[in-house]
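Below are the chains, spelled out letter by letter.
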Amino acid sequence: MISLQQDPQGSIRMNRHFPAGISIAVIFADGTQEVFTGKRLNEIYDEALAAYRAGNHLDAKGFSRGPKKKVQQRIEFVPVSPGMAG
């Protein structure tokens, strides 16, 4: 089992997908713990990535269709809260 610690801003560090069948324990900033499946955390990651891309005017693949400038195309921190494992 993998353990991840939530930071004070309410996010966990996650820059890639986990295997779908793995169990991941998330320890929240308030000390509570919840077990997520890899599949559920991957869904949360995908939702956060889509929101990031929409907010930065990137297409679904992460490419900018606007003026050429350097734009970060990945995310590293994903917001999580108790009750999201279900």
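Residues numbered from 1 in each chain as written. Predicted model: local features only at pLDDT ≥ 70, side-chain atom pairs only at ≥ 80, totals over all residues. Heavy atoms only, no water.

The next thing to look at is the sheet that holds strand β4 (residues 33-37). Pairing within the open sheet is mixed, and its three strands lie in the order β1-β3-β4. Two strands in the sheet have a free side with no partner beyond their single neighbour: β1 (2-5) and β4. Sheet twist, expressed as the mean angle between neighbouring strand axes with direction ignored, is 30°. Examined bridge by bridge, strand β3 (residues 23-27) and β4 share five bridges and lie antiparallel to one another. Its bridge partner lying in β4, I27 is registered against Q33. Here helix α1 (residues 38-55) sits on the sheet and contacts β1, β3 and β4; the angle it forms with β4, its principal contact strand, is near 90°. (Pairing = 2+ DSSP bridges. Helix = DSSP H or I, 4+ residues; strand = E, 2+ residues; numbered from the N terminus. Axes fitted to C-alpha atoms, helices over the stretch in contact; angles between N-to-C directions. Contact = heavy atoms within 4.5 Å.)

Another point: the environment of A29. Counting through the fold element by element, A29 comes out in the loop between β3 and β4. For the pair A29 and Q9, spaced 20 residues apart in the sequence, the C-alpha separation amounts to 8.8 Å. Apart from the residues lying within four places of it in its own chain, the contact partners of A29 are Q6 and D7.

Glancing now at the side chain of S11. Within the secondary structure layout, S11 lies in strand β2 (residues 11-13). Residue class for S11 comes out buried when judged on its relative accessible area of 12%. (Buried < 20%, exposed > 50% of the residue type's maximum accessible area, 1.4 Å probe, protein only.)

When β1 meets β3, the two strands line up parallel, connected through four bridges. Bridge pairing in β3 places I2 opposite I24. Counting the residues that bridge the hairpin from β3 to β4 gives five residues, and of these G31 lies at a positive phi of roughly 95°.

To continue, consider the nonpolar core. Residues I12, F36, L41, V78 and V80 are the most contacted members of the largest nonpolar core, which totals 17 residues. Broken down by secondary-structure element, the contributors of at least two residues to this core are β3 and α1. For this core, the element with the most residues is α1, which contributes five residues. What V78 contacts, discounting residues up to four positions off in sequence, is G10, S11, I12, M14, I44, Y45 and A48. (Core = buried A, V, L, I, M, F, W, Y, C linked by side-chain atoms within 4.5 Å.)

This next bit is on the pattern of salt bridges. All chains considered together, the criterion is met by two salt bridges. One salt bridge in this structure joins E76 and R13, with 2.1 Å as the shortest N-O distance. Of the two residues, E76 sits in the loop between α1 and β5 (77-79) while R13 sits in strand β2, which places them 63 residues apart along the sequence. Given a relative accessible area of 29%, E76 falls into the partly exposed group. (Salt bridge = Lys/Arg side-chain N within 4 Å of Asp/Glu carboxyl O.)

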